[in-house]
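Okay, here's what each chain looks like letter by letter:
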Amino acid sequence: MSDLVAIVYPSEAKAEEVRQRLFKLQKEYLITISDAVIAVKTEAGPIKLNQLVNTTAIGAASGSFWGLLIGLIFLNPLLGVALGAASGALGGALSDYGIDDAFMKDLSKSMQPGNAALFVLIKNMTPDKVLREIQDAGGTVLKTSLDDSKEQQLRDALAKTSTDQAAPKTSAA
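Analysis parameters
- Residues numbered from 1 in each chain as written.
- Predicted model: local features only at pLDDT ≥ 70, side-chain atom pairs only at ≥ 80, totals over all residues.
- Heavy atoms only, no water.
- Helix = DSSP H or I, 4+ residues; strand = E, 2+ residues; numbered from the N terminus.
- Contact = heavy atoms within 4.5 Å.
- Areas by Shrake-Rupley, 256 points an atom, 1.4 Å probe, with all protein chains shown as cover.
- Pairing = 2+ DSSP bridges.
- Axes fitted to C-alpha atoms, helices over the stretch in contact; angles between N-to-C directions.
- Buried < 20%, exposed > 50% of the residue type's maximum accessible area, 1.4 Å probe, protein only.
- Salt bridge = Lys/Arg side-chain N within 4 Å of Asp/Glu carboxyl O.

Visitor: Would you take a moment to explain the overall build of the chain for this structure?
Guide: Within the chain, the regular secondary structure consists of six helices and five strands. The order of α-helices and β-strands along the chain, N terminus first, is β-α-β-β-α-α-α-β-α-β-α. Partitioning the intrachain contacts of the chain with sequence separation of at least 6 by distance along the chain shows that 72% fall at a separation of at least 24. Here the chain displays about 10,300 Å² of accessible surface, and carbon together with sulfur accounts for 60% of that area.

Rendered as structure tokens:
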């Protein structure tokens, strides 16, 4: 079973930085990610989703291929490519992969303009090592499907960083 974690950051750049850290950890086999989406609340108000997989482009590409193939059979490859690309793009736009778009947009409405939420769908992970790698980025937990103890560990790790950054640093003389 997968777990959902949504963390709010002050900017899209910070959320993207954390997403790239998670991809690095995935290459080290410390976490397995099904989906990672950044939702940004624009100054104008609407929510913009920065998804990993562009289903419209993938649908158009695969539709073009199959349309070309079918078009060759019926001796009209250009019409086949055009119809295949259009139907593939439409199918891709209507399909949803990973985390539900409407769910992310609904949760992101509560954010301040300019903030970004990183939504991660996690298949499995080594929690202590992953937390150690992302805790210095800070952030505020928006929503999780983790059990209470794991969610509290995440909240504590992220809160510790924000209080460390807020405290004035003094140097020993």
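Text resumes after the structure shown.
Visitor: Which parts of the structure should I look at to understand the sheet that holds strand 2 (residues 31-41)?
Guide: Sheets are built from strands that pair by backbone hydrogen bonding, the pairs being arranged parallel or antiparallel. An order of 3-2-4-1-5 is seen for the five strands of this open sheet, with the pairing classed as antiparallel. Of all strands in the sheet, those with a lone pairing partner are strand 3 (47-50) and strand 5 (140-144), marking the two edges. Adjacent strand axes in the sheet meet at a mean angle of 25 degrees, parallel and antiparallel pairs treated alike. Strand direction decides the pairing type here: strand 1 (residues 3-9) and strand 5, joined by four bridges, are antiparallel. For alanine 6, the partnering residue across the bridge sits in strand 5 and is lysine 143.

Visitor: Before we go on, may I ask you to explain the side chain of asparagine 115 in this structure?
Guide: Within the secondary structure layout, asparagine 115 lies in the loop between helix 4 (101-108) and strand 4 (116-125). Sequence-distant contacts of asparagine 115, defined by excluding residues within four places in its chain, comprise Val8, Tyr9, Pro10, Ala39, Val40 and Lys41.

Visitor: Help me understand the environment of methionine 111, please; the structure alone is not making it clear to me.
Guide: One can find methionine 111 in the loop between helix 4 and strand 4. When the C-alpha atoms of methionine 111 and tyrosine 9 are compared, they prove to be 9.6 Å apart, with 102 residues separating the residues in sequence. Those residues in contact with methionine 111 that sit more than four places away from it in its chain are Val8, Ala39, Val40, Lys41, Ala116 and Ala117.

Visitor: What's the story with the pairing of strand 4 in this structure? I'm lost.
Guide: It is a general feature of regular strands that their side chains alternate between the two faces of the sheet. Where burial is concerned, most of strand 4 is hidden: seven out of the 10 residues are buried. Taken together, the seven bridges between strand 1 and strand 4 define a ladder with antiparallel strand orientation. Bridge pairing in strand 4 links alanine 6 to phenylalanine 119. Across nine bridges, the pairing between strand 2 and strand 4 is antiparallel. Looking at strand 4, one finds that valine 37 is bridged to phenylalanine 119.

Visitor: Where do I start with unusual backbone geometry in this structure?
Guide: Excluding glycine, most residues fall at negative phi; most peptide bonds, likewise, are trans. Even without being glycine, tyrosine 29 reaches a positive phi, approximately 60 degrees. Position of tyrosine 29 relative to the elements: it lies in the loop between helix 1 (12-27) and strand 2.

Visitor: What exactly am I supposed to notice about the pattern of salt bridges here?
Guide: When their charged atoms lie close together, side chains carrying opposite charge are able to pair. The tally for this structure, following the rule as stated, stands at eight salt bridges. Note that arginine 19 and glutamate 16 form a salt bridge whose closest N and O atoms lie 2.7 Å from each other. With arginine 19 and glutamate 16 both in helix 1 and three residues apart, this pair spans about one turn of that helix. Of the residues examined, arginine 19 reaches a relative accessible area of 4% and is grouped as buried. Looking at glutamate 16, the relative accessible area reads 24%, which means it is partly exposed. We note a salt bridge from arginine 21 to glutamate 17, for which the minimum N-O separation is 2.6 Å. In this pair, arginine 21 and glutamate 17 are both assigned in helix 1, four residues apart and thus about one turn of the helix distant. Ionic contacts of the salt-bridge type, sharing partners, join the residues Lys14, Glu17, Arg21 and Asp136 into one network.

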